[in-house]
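Descriptive analysis of the structure
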Amino acid sequence: MCQTHVLQVHLVPRCNAETPRASSRMHIAKDGHHLSDIIFRFSRLHKKQTEAANLVKAYIEDILVRVQAKLLIAEKNKQGEKQRLPQSGMNENNTKETEPSESVETFVEGMLKDQMDANSDNAMTRDELFGQFLTLISAGFDTTKTTITFVLNMLAIHPTIQQNVYEEILSILGTDPDVIPTYSQLQELHLLNRVIKETLRILPPSPILARTLTEDTEVAGFTLPVGTTMAVLVYELHHDPRVWSNPAQFDPDRFLPAEIAKRNPNAYMPFSAGPRNCIAGKFALAQMKTLLTTILRRYKVLPGDRCKELYCR
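Bear in mind the structure is a predicted one, so any value in this text is a computation, not a measurement.

The subject of this paragraph is the packing of aromatic side chains. Tallied over the full model, the rule gives three aromatic pairs. Measuring from centroid to centroid gives 6.4 Å for W244 and Y268, while their planes differ by 65 degrees, and the two rings are edge-to-face. One end of the pair, W244, is in the loop between α8 (234-238) and α9 (257-260); the other, Y268, is in the loop between α9 and α10 (281-298), with 24 residues separating them in the sequence. Across this residue pair, the class does not change: W244 and Y268 are buried. An aromatic cluster is present here, built from W244, F255 and Y268 joined pairwise through their rings.

Right, here's the structure in full:
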């Protein structure tokens, strides 16, 4: 049977007695049987995975249908307006028509417009569109949520660091937990930034990256032919004792500027590296800082029963 470990922290209100006590849980399946596809298909975890996949698929399909309907209505209205005012050069307000202002087109609309355009050479299939959306959801939401959970766990089992982070937040943002930080203020949260980066090192949300070789490449004396799919083990890279002393220890000071300068930049790649790295890495960091400053100004984070057992270093 699949065993599930529960990471849990308790969020205790700092100063507002009316703020409810809360807890954060994250379930991580840890067992070896799921490595076999045949056995995995008969497990409860596979059933849950299938249900979750169907839920996401229905969610994505609903978005595609609604946006496509919106585009069709907009195009119909546009054609109707052209028929009403074919040659006048005047708009419906009887003023001289100027170049239409470019409205901001969403990523979704752009992809669907290409698919709806019979003359487009860049149109994606429905399956390709689904794949793009799945990437956006998993990379844009799940990884951020996972990292925030891990950061809270790390702060819960390192109370001194948590207190220092809390004091830094107050020094930059003040005591009002409803104050929304500006982007420039987020850049001043140096300790919180190091805490997030160290958490991403110890527990990268994407522990494995895959790349396909575009040319023959020599690695450790072996020549790998073009077309070979390579797996970059980010978790192992981030725990290599040749690069990181005491790699299991949680130490945000590894990311002080002087320490960073000592390492190869590719020794740390929570957002991948190269031309196909994460396009939203900086946005993700800003998003995590914003959410964490909101949580930490309201709550003190205490470890749950399994928190120390799993990650105390």
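On we go.
This part takes up the confidence of the model for the protein chain. Mean pLDDT for the protein chain: 80, with 78% of residues reaching 70 or above. Put simply, strand β2 (residues 22-29) is where the protein chain has its lowest mean pLDDT, 46, and helix α7 (residues 190-202) is where it has its highest, 97. This stretch, residues 96-101, has a pLDDT under 50; its non-local contacts, to residues over four places away or in other chains, come to six contacts.

With that settled, the discussion passes to the pattern of salt bridges. Applying the stated rule across the entire model yields eight salt bridges. The residue D253 makes a salt bridge to R194 at a minimum N-O spacing of 3.5 Å. Separated by 59 residues along the polypeptide, D253 in the loop between α8 and α9 and R194 in helix α7 bring together distant segments of the chain. Using a relative accessible area of 15% as the deciding quantity, one classes R194 as buried. Of the charged contacts, one joins D240 and R242 as a salt bridge, the two residues approaching to 2.9 Å between their closest N and O atoms. Overall, R242 belongs to the exposed group, its relative accessible area being 75%. Three or more residues joined by partner-sharing salt bridges are found here, namely E198, R201 and R254.

What follows covers α7. Helix length check: α7 (13 residues) gives 19 Å between terminal C-alpha atoms against 18 Å at 1.5 Å per residue, within 8%. Burial analysis of α7 places 11 of its 13 residues in the buried class, the great majority of the element. Those residues of α7 that fall on the buried side of the exposure criterion are L191, L192, N193, R194, V195, I196, E198, T199, L200, R201 and I202. In this fold, the buried residues of α7 make contact with α4 (126-156), α5 (159-173), α8 and α10.

For the rest of this paragraph, the subject is the nonpolar core. The biggest cluster of nonpolar side chains holds 33 residues, and the ones touching the most others in it are L155, V165, V195, I196, L292 and L296. Looking at this core, the elements with two or more residues in it are α4, α5, α7 and α10. Among the elements that take part in this core, α4 stands out by supplying seven residues, more than any other. In this structure, I196 is in contact with V151, L285, M288, K289 and L292, ignoring residues within four places of it in sequence. The next biggest cluster of nonpolar side chains, apart from the first, holds 10 residues, and it includes L64, V67, V108 and F133.

Glancing now at unusual backbone geometry. Phi at N246 takes a positive value of approximately 45 degrees, unusual for a residue other than glycine. On the secondary structure map, N246 appears in the loop between α8 and α9. In this structure, S272 is a non-glycine residue whose phi angle is positive, near 70 degrees. Positionally, S272 belongs in the loop between α9 and α10. The exposure class assigned to S272 is buried, which follows from its relative accessible area of 14%.

How each quantity is defined
Residues numbered from 1 in each chain as written. Predicted model: local features only at pLDDT ≥ 70, side-chain atom pairs only at ≥ 80, totals over all residues. Heavy atoms only, no water. Phe/Tyr/Trp six-rings, centres within 6.5 Å; stacked < 30°, edge-to-face > 60°. Helix = DSSP H or I, 4+ residues; strand = E, 2+ residues; numbered from the N terminus. Buried < 20%, exposed > 50% of the residue type's maximum accessible area, 1.4 Å probe, protein only. pLDDT = per-residue confidence, 0-100. Contact = heavy atoms within 4.5 Å. Salt bridge = Lys/Arg side-chain N within 4 Å of Asp/Glu carboxyl O. Expected span 1.5 Å × (residues − 1). Core = buried A, V, L, I, M, F, W, Y, C linked by side-chain atoms within 4.5 Å.

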